[in-house]
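A look at the structure
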Amino acid sequence: KGADSMAIGFDLNKGLKDTLTITHNEIKYFAQIEEEFDDLPLVTVNPDEINQVLLNIIMNAVSAIREKGDPGLIKLHTYVDGSYACCAISDNGGGIPDEHLPHIFEPFFTTKPVGAGTGLGLSISYDIIVRKHAGKIDVKTRPGEGTTFIISLPYEAGSSSGAREQAAPQGGQA
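Cut-offs used in this document
Residues numbered from 1 in each chain as written. Predicted model: local features only at pLDDT ≥ 70, side-chain atom pairs only at ≥ 80, totals over all residues. Heavy atoms only, no water. Bend = angle between axes of the 7 residues up to and from the residue. Helix = DSSP H or I, 4+ residues; strand = E, 2+ residues; numbered from the N terminus. Buried < 20%, exposed > 50% of the residue type's maximum accessible area, 1.4 Å probe, protein only. Contact = heavy atoms within 4.5 Å. Polar contact = N/O pair within 3.5 Å; in protein donor to acceptor, adjacent residues only side chain to side chain. Core = buried A, V, L, I, M, F, W, Y, C linked by side-chain atoms within 4.5 Å. Pairing = 2+ DSSP bridges. Axes fitted to C-alpha atoms, helices over the stretch in contact; angles between N-to-C directions. Phe/Tyr/Trp six-rings, centres within 6.5 Å; stacked < 30°, edge-to-face > 60°. Salt bridge = Lys/Arg side-chain N within 4 Å of Asp/Glu carboxyl O.

Turning next to helix α1 (residues 12-27). A bend of about 40° at Thr21 is the largest found in α1. Along α1, the residues classified as buried are Leu12, Asn13, Gly15, Leu16, Thr19, Leu20, Thr23 and Ile27. Where α1 is buried, its residues contact β1 (8-10), β2 (31-37), α2 (47-68), β4 (72-81), β5 (84-91) and β7 (146-154). One side-chain oxygen of the residue at the start of α1 lies 3.0 Å from the amide nitrogen of Asn13, identifying that residue as Asp11.

Shown next as structure tokens:
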């Protein structure tokens, strides 16, 4: 589909768990992790690219919590929304200021000090999710309270990885 030739059936829950394993040493000093994983269908994606997006967003959450200075919480929630497998990654860091929000997916935009960030993580993430995989990436933020990134990836009906086996109704149910 929209992904390149390395696209395969991918378990988003497993991708999140693998990313948490990789980032454990970075997270453990700053935040607790709360997981709520629903059964998800497989998504046809390039797993390396999706794992890169998950890593970028989780590490941004850790940075936001570290900057705020209080012990934090990162919540990971997966669920199905229509024909999308979704992953919400929330933190209780400082949130994104309103004036920065329109720019967060622009290449080289960063709020980090010089030398601390390239400003490429979210622009690359946007490119991977939206342009390469025909998905969506949304952000909800409250300055001073935290941020949630929602990644939505389309899936093919009948590509279940867990207990979710539902026949799609015939006809045009929206």
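Next, the rest of the story.
Ile50, Ile89 and Ile151 are the most contacted members of the largest nonpolar core, which totals 32 residues. Here this core takes eight residues from α2, the largest share from any one element. Residues in contact with Ile50, not counting those within four places in the same chain, are Phe10, Leu12, Val45, Ile128, Ile129, His133 and Leu153.

With mixed pairing, the five strands of this open sheet are ordered in space as β2-β4-β5-β7-β6. The sheet is open, and its two borders are formed by β2 and β6 (136-142), each paired with just one other strand. Averaged over all pairs of adjacent strands, the angle between strand axes in this sheet comes to 15°, irrespective of strand direction. Both β4 and β5 contribute to a ladder of eight bridges, which runs antiparallel.

This brings us to the packing of aromatic side chains. Within the structure shown, the criterion is met by two aromatic pairs. Taking 5.2 Å as the distance between ring centres and 40° as the angle between the ring planes, the aromatic pair formed by Phe105 and Tyr126 counts as tilted. With Phe105 in the loop between β5 and α3 (121-132) and Tyr126 in helix α3, the pair connects residues that are 21 residues apart, well separated along the chain. Residue classification places Phe105 among the partly exposed residues on the basis of a relative accessible area of 21%. Taking the centre distance of 6.5 Å and the plane angle of 80° together, the rings of Phe105 and Phe149 count as edge-to-face. Of this pair, Phe105 sits in the loop between β5 and α3 while Phe149 sits in strand β7, and the two are 44 residues apart along the sequence.

Applying the stated rule across the entire model yields five salt bridges. Across the pair Lys132 and Glu49 runs a salt bridge whose closest N-O atoms are separated by 3.2 Å. Here Lys132, found in helix α3, pairs with Glu49, found in helix α2; they are 83 residues apart in sequence, far enough to count as distant. For Lys132, a relative accessible area of 33% gives the class partly exposed. With a relative accessible area of 11%, Glu49 lands in the buried category. Residues Asp127 and Arg131 are paired through a salt bridge, measuring 3.5 Å at the closest nitrogen-oxygen approach. Highlighted residues: Asp127 and Arg131, both in helix α3, separated by four residues, approximately one helical turn.

Any link to function would need more than the numbers given here.
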